[in-house]
Every structure is written in C-alpha cells, then in structure tokens.
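# Structural features, examined
Each chain, written out:
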Amino acid sequence: MPRIAYFGPQGTFTEQAAMRFEGELVPVDTIPLAVAAVRKGETDFACVPIENSVEGAVPATLDVLIRDEPVVAVAETVLDVKFSILVRPGTTEIKTIASHPHALAQVRDWIAEELPGVTSIATSSTAGAAAAVERGEFDAAVTAPVAVNHYKLDEYATGVLDVADARTRFLLLRRPGQLPEPTGADRTSVVVTTPNRVGVLSELLTELALRGINLTGLESRPTKGKLGTYRFYIDVEGHIAEPRIGDALAALHRHSHEIRFLGSFPKADHEPVEAHNEEFAAAAAWVDAVRKGERG
Ligand SMILES: O=C(O)C(=O)C[C@]1(C(=O)O)C=C[C@@H](O)C=C1
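Here's what I pulled together on the structure shown here. Since this is a predicted model, take the numbers as computed values, not measurements.

## Brief notes about the sheet that holds strand 12 (residues 186-193)
Across the sheet, which stays open at both edges, the 4 strands sit in the order 13-14-12-15 with antiparallel pairing between neighbours. Here the strands that pair on one side only, and so sit at the sheet edges, are strand 13 (215-222) and strand 15 (258-266). On average, adjacent strands in this sheet sit at an angle of 15° to one another, irrespective of strand direction. Looking at chain direction, strand 13 and strand 14 (residues 230-237) are connected through 7 bridges and run antiparallel. Considered in strand 14, the bridge of S220 is made with F232.

Here's what the structure looks like:
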C-alpha cells in the first residue's frame, strides 16, 4: 500500500483530506516535513492544504513547492471546513485560544463576539493546538470536528465559522513520474519567475486567453531575493496533454526566467472543461498538410 505523509498530527483537516486517497497515512508536524518525506522517498505521496475559500492560499505550501527537487500534484480534494472549539474537561475560563493561523483567521469574529479579550496564539496546525491544550499550554483550541476523537478534550462549541460554506483545497503530491491521464475535467498548475519589465504578466495571461484557457488561480510570492521580485503561481483548467495547454505552457516558458510544472490532475469538482481540442487538432493538421505541400 502506498504511504502518504500528511500535515498532521492526527485530527487535522489535512488528515481528513488524506483519508480520501488510498494509502497508509503517516502524520508529520509541518507542511515542509510532509513534502520533504516524499522528496526523500520516505513516502510515496504527501497531502497538504493549498488554498482556503476565506483565507486564500497557504503560503507554507506555495513556498515548499518551489524549493529543492520538484514534486507534482496528481490529485486534489476539497473539504467543507467548520471548526470546533475544544477545551480541557472542567475548563471554566478561557484566556488563551490557539490554532493554525488560517483557522484563527476564519473564526476571528466569533472569538471577538464570544470570547472577548482572549489572546489568540498561532500553532503549527489545528490538531497541534489541541495537543498543546491537552498538555495545559493554552485554554482552548480551534480544531477540525474530528480532533475531539483524538485528544482528551471537550467540545466548548461546534460548527464555528465566520463565513458560511468555507472550503479548503488539498493536493496529493509525488515525485515527477507518469502524469495522470487527461479526464476532460483537469487542472494544470505551474510557477514562473519572469523578467522585471513592463507588461510581462499581461503577456503571460494573454497567452492563456488567446488559447481560450480559463485561469482558476493566480498567486504571487516574493522570490525571497531582491525586494519587489515575485514568482507567479498559475492554475488553469485543462491538462498538459491537450495541445492548447502544452502550447500555452511552451509560451510561458519563453516568457519566463524560470518555470516549474506543478501538475496536471483531475479537478475535484469534475466539471468538464470547454477545451476546443478538435479545433486545435484541425488547425495543427492543416499546418501539417500545408508544410507537406498537400494543401493551400
Ligand atoms: O491545521 C489543519 O488542520 C490543517 O489541515 C490546515 C488548514 C489550512 O492550512 O488552511 C486546513 C484547513 C483549514 O482551513 C484550517 C487549517
């Protein structure tokens, strides 16, 4: 059975996401450690959060994807997110509340309303906060609902969320190898660094638009070198096996200093992508025929 390192410890949202894939689950404490496990070959896959509908991209994941040896996404899954507030049995007063920064940000208004004056503390993960509360380091933790099954804690509140219908998307990563087959409902992800000149980002986006490619995500992260220099993470609908996507990625390659492929994989929503692949194939066949002198 393949081994999947996931952003743990037990009881995180990422664990629930990882359970949707076939494999033996291996908890590790941080996102970089989960990805390092797959890079070193200690596990076959790593499962990490990539974006949340309320708080946006998960910076730790974006940063780890560009470092060291390449890893590629082969699948994604989306979880509905709502939180539980866990406390040690018998707790009467809450002065400190701990969680992953993304989780704290999603319940900020609830905390202000229900626990005014409480101090919020960032921990490595939601379940890491639960473990710390169990050890007596903080009074309360903002966790995934399942965390109550893993720690000797009680539910102070459940179903907590400032914005209804929050969702988080997770990636299943592995070392580069055979790509998943195109399904007609895929996503492709790349990260590029561009020369610093006028209009370069608009050139990249035009390459996509000209080929009828739908952009589903655009994030920038500093290169961590010169101030004001950025990497762009680009998600589009389609699979690199499709001519228009392959063509567009080749164009992005031409516009970039550096480009890294982060995967082509089925979208979690399985909604078919309008691809116009026949038109691209017909156009390529025409050019081919003209080159051979068979057509005018
Ligand atoms: O700490 C966890 O439980 C996680 O899986 C991380 C994470 C995130 O990074 O966004 C996942 C989903 C929630 O939005 C809150 C935290």
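## Observations regarding a nonpolar patch on the surface
Together, W286, V287 and V290 give the surface a local cluster of nonpolar side chains, amounting to about 230 Å² of exposed area. Looking at the secondary structure, you find V290 in helix 9 (residues 277-291). Look at V290 and you get partly exposed, because its relative accessible area is 34%.

## Here we look at the site of the ligand
Neighbouring the ligand are 13 residues; F13, T14, Q106, T126 and T168 lie closest to it. Taking Q106, its side chain carries an N or O atom lying 2.9 Å from an oxygen atom of the ligand. T126 is positioned such that a nitrogen or oxygen atom in its side chain is 2.4 Å from an oxygen atom of the ligand. Judged by the fraction of its atoms near the pocket grid, the ligand is located in the largest cavity. Contributing elements (two or more residues each) for the shell around the ligand: helix 1 (13-19), strand 3 (45-52) and helix 4 (101-106). Grouping the amino acids of the shell around the ligand by side-chain chemistry returns 4 nonpolar, 9 polar and no charged. Lining the shell around the ligand are residues from two domains, each supplying at least three of them: domain 1 (1-81 + 161-177) and domain 2 (83-159).

## Some words on the packing of aromatic side chains
One pass over the full model with this rule turns up 1 aromatic pair. Judged by centre distance (5.3 Å) and plane angle (80°), the ring pair of F13 and F83 falls under edge-to-face. Of this pair, F13 sits in helix 1 while F83 sits in strand 6 (residues 83-87); the two residues are 70 residues apart in sequence, bridging distant segments of the chain. F83 sits in the buried class, given a relative accessible area of 1%.

The rules behind each value
Residues numbered from 1 in each chain as written. Predicted model: local features only at pLDDT ≥ 70, side-chain atom pairs only at ≥ 80, totals over all residues. Heavy atoms only, no water. Pairing = 2+ DSSP bridges. Helix = DSSP H or I, 4+ residues; strand = E, 2+ residues; numbered from the N terminus. Axes fitted to C-alpha atoms, helices over the stretch in contact; angles between N-to-C directions. Patch = residues over 30% accessible without salt bridge, like charges linked within 9 Å, V, L, I, M, F, W, Y side chains within 5 Å. Areas by Shrake-Rupley, 256 points an atom, 1.4 Å probe, with all protein chains shown as cover. Salt bridge = Lys/Arg side-chain N within 4 Å of Asp/Glu carboxyl O. Buried < 20%, exposed > 50% of the residue type's maximum accessible area, 1.4 Å probe, protein only. Near = heavy atom within 4 Å. Polar contact = N/O pair within 3.5 Å; in protein donor to acceptor, adjacent residues only side chain to side chain. 1 Å grid on protein atoms, 1.4 Å probe; cavity = no way out; pocket = protein on both sides within 12 Å on 5 of 7 lines; lining within 4 Å. Sits in = over half its atoms within 2 Å of the grid points. Nonpolar A, V, L, I, M, F, W, Y, C, P; charged D, E, K, R; others polar. Domains from an automatic or database assignment. Phe/Tyr/Trp six-rings, centres within 6.5 Å; stacked < 30°, edge-to-face > 60°.

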